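Each chain is listed here by its residues.
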Amino acid sequence: QLARSIGLLCGAQETMAKPTVLVTGGTGLYGRAIEAVVSRDEKAKEENWVFLSSKDGDLVDRKAVEAIFEKHKPTYVIHLAAKVGGLFHNLRKKVDFYRENTLITDNVMECCR
């Protein structure tokens, strides 16, 4: 299985069912790159890949993240999501970006338990 062979973050208990790999930030630069690799890999057909975008839920909101995890029940998670805003916006709002990205990561990691 592709997910197991590349050593993904934060796995739930594996079952006999087809594993689900949840990719946060699935429409970003790295998410799209992984999606391109997965689309060409025969091993990936043995897994259910879900590529999330910000339209799927606000990862700053714990309840929204819990709902996403309840809906998809991921076996593995590749966490790539982050708030980004371009160089000048990042410089002006660096503390806000840091806090939001910390919350996003904490929410995803807590749901991986």
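The notes below deal with the structure included here.

Cut-off values and rules
Residues numbered from 1 in each chain as written. Predicted model: local features only at pLDDT ≥ 70, side-chain atom pairs only at ≥ 80, totals over all residues. Heavy atoms only, no water. Phe/Tyr/Trp six-rings, centres within 6.5 Å; stacked < 30°, edge-to-face > 60°. Buried < 20%, exposed > 50% of the residue type's maximum accessible area, 1.4 Å probe, protein only. Patch = residues over 30% accessible without salt bridge, like charges linked within 9 Å, V, L, I, M, F, W, Y side chains within 5 Å. Areas by Shrake-Rupley, 256 points an atom, 1.4 Å probe, with all protein chains shown as cover. Salt bridge = Lys/Arg side-chain N within 4 Å of Asp/Glu carboxyl O. Helix = DSSP H or I, 4+ residues; strand = E, 2+ residues; numbered from the N terminus. Core = buried A, V, L, I, M, F, W, Y, C linked by side-chain atoms within 4.5 Å. Contact = heavy atoms within 4.5 Å.

Right, let's get into the packing of aromatic side chains. Overall, the coordinates contain one aromatic pair when judged by the stated rule. Summarising the aromatic geometry, the rings of Trp49 and Phe51 are spaced 5.9 Å apart at their centres and angled 15° between planes, so their arrangement reads as stacked. Side by side, Trp49 and Phe51 carry an identical accessibility label, which is buried.

Turning our attention to a nonpolar patch on the surface. A surface patch of nonpolar side chains, about 370 Å² in accessible area, is lined by Leu29, Tyr30 and Leu80. One can find Tyr30 in helix H2 (residues 29-40). According to the relative accessible area criterion, Tyr30 is exposed, its value standing at 62%.

Our next topic: the nonpolar core. Judged by nonpolar contacts, the single largest core of 13 residues is most densely connected at Leu22, Leu59, Phe69, Val77 and Val108. Taken together, the elements giving at least two residues each to this core come down to helix H3 (62-72) and helix H5 (94-112). It is H5 that provides the largest number of residues to this core, a total of four residues. Excluding residues that lie within four positions of it along the chain, Leu22 makes contacts with Val50, Leu52, Ile68, Phe69, His72, Pro74, Tyr76, Val77 and Ile78. The next biggest cluster of nonpolar side chains, apart from the first, holds eight residues, and it includes Val38, Ala44, Phe51 and Ile78.

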